[in-house]
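Structural overview for review
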Amino acid sequence: DIQMTQSPSSLSASVGDRVTITCRASQGISDSLAWFQQKPGKAPKLLLFDASRLESGVPSRFSGTGSGTDYTLTISSLQPEDFATYYCQQYYITPLTFGGGTKVEIK
Amino acid sequence: QLQLQESGPGLVKPSETLSLTCTVSGGSISGSDYYWGWIRQPPGKGLEWIGSIHHIGSAYYNPPLQSRVTISVDTSKNQFSLKVRSVTAADTAVYYCASRPVVTRRFDSWGQGAMVTVSS
């Protein structure tokens, strides 16, 4: 199985801050990576896929980079509605696996 | 875009079988080239993929659950289902159904989730 390790597990930030979340795969995943945002009591929402492609309707302040085993989600200017938990997920091979999540809290 | 909705009992007794159904609207299960999947999330924890199925019948399961799980498709009702046998408290979770296009492979539509508690 491919293990997905996210860091940090939580962070505190202010509105307007630039936020970066990292996801490391235990083996190469050829950019087969998605990022999700989840708010309490809600289903995950797809933000990016193929590591860097923005899902339709997602604000451009969200971006993704990386290759091989190391990937990053960046929020360029944190907005009040962005406080949530973020998950990465690889779909290179089954079993599909998720990172442990990063909770973004208000400083 | 597809809409998905989970349904089923919210309380299951230990050792019994958990059964959930996902109803798909906005498209036909048999006419679409999708994988139909289940993901769960224990309270306060992360996401775990349970398994996926294509309408032609090929199913893939997460190995730790494979011996207890069955996913099936009912094209006449535009639904797919999940069964988890011999449940324990560790199976208590929110269960999500989701669709994943075969070509793009990303989970792009999710149900709202169904909370299932395993307790006597």
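A brief structural summary. If you're wondering where the values come from, they're calculated on a predicted model, not measured in any experiment.

This part is about the packing of aromatic side chains. Across all of its chains, the model carries nine aromatic pairs over all chains by this definition. Arranged with centres 6.4 Å apart and planes meeting at 40 degrees, the rings of Phe62(A) and Tyr86(A) form a pair that is tilted. Within this pair, whereas Phe62(A) is found in strand 7 (residues 62–67), its partner Tyr86(A) is found in strand 9 (residues 85–90), the two being separated by 24 residues in sequence. Each of the two residues, Phe62(A) as well as Tyr86(A), counts as buried. Connected via pairs of aromatic rings, a cluster forms that spans Phe36(A), Phe98(A), Tyr96(B), Phe107(B) and Trp110(B). Positioned over the ring face of Phe107(B) is Arg100(B), at 5.7 Å from the centre of the ring. Geometry around Phe49(A) places Arg106(B) over its ring, the cationic atom sitting 3.7 Å from the centre.

With that settled, the discussion passes to the pairing of strand 2 (residues 10–13) of chain A. Residues and elements named next belong to chain A. Only one face of strand 2 is buried: it carries Leu-11 and Ala-13, and the other face, with Ser-10 and Ser-12, is open. The pairing of strand 2 with strand 11 (residues 102–106) spans four bridges and is classified as parallel. From the neighbouring strand, Ser-12 faces strand 11, where its bridge partner is Glu-105.

In this section: the state of the cysteines. In this structure the tally under the stated criterion is two disulfides over all chains. One disulfide bridge connects Cys23(A) with Cys88(A), the sulfur atoms lying 2.0 Å from each other. Taking the sign of the torsion about the S-S bond as the criterion, the disulfide between Cys23(A) and Cys88(A), at about 70 degrees, is right-handed. You can see Cys23(A) sitting in strand 3 (residues 19–25) and its partner Cys88(A) sitting in strand 9, a full 65 residues away along the chain. Each member of the pair Cys23(A) and Cys88(A) is classed as buried. There is a disulfide in this structure between Cys22(B) and Cys97(B), and the S-S distance comes to 2.1 Å. Handedness of the Cys22(B)-Cys97(B) disulfide follows from its S-S torsion of about 60 degrees: it is right-handed.

Reports often express the size of an interface as the amount of accessible area lost when the parts come together. Every contact between the two is made by 19 residues of chain B and, on the other side, 18 residues of chain A. Here chain B meets chain A over a buried area of about 1,600 Å², counting both sides, of which 62% is carbon and sulfur. Per-residue buried area on chain B facing chain A is highest for Leu47(B), Arg105(B) and Arg106(B); these three make up 36% of the total on that side. Between Arg106(B) and Glu55(A) there is a salt bridge, with its nearest N and O atoms 3.3 Å apart. For the side of chain B that touches chain A, the secondary-structure elements that each account for two or more residues are strand 4 (34–41), strand 5 (48–54) and strand 9 (93–101) of chain B. For the side of chain B that touches chain A, the class distribution of residues is seven nonpolar, six polar and six charged.

Conventions adopted
Residues numbered from 1 in each chain as written. Chains lettered and ligands numbered in written order. Predicted model: local features only at pLDDT ≥ 70, side-chain atom pairs only at ≥ 80, totals over all residues. Heavy atoms only, no water. Phe/Tyr/Trp six-rings, centres within 6.5 Å; stacked < 30°, edge-to-face > 60°. Helix = DSSP H or I, 4+ residues; strand = E, 2+ residues; numbered from the N terminus. Buried < 20%, exposed > 50% of the residue type's maximum accessible area, 1.4 Å probe, protein only. Lys NZ or Arg CZ within 6 Å of the ring centre and 35° of its normal. Pairing = 2+ DSSP bridges. Disulfide = S-S within 2.5 Å. Contact = heavy atoms within 4.5 Å. Buried area = accessible area lost by both parts, 1.4 Å probe. Salt bridge = Lys/Arg side-chain N within 4 Å of Asp/Glu carboxyl O. Nonpolar A, V, L, I, M, F, W, Y, C, P; charged D, E, K, R; others polar.

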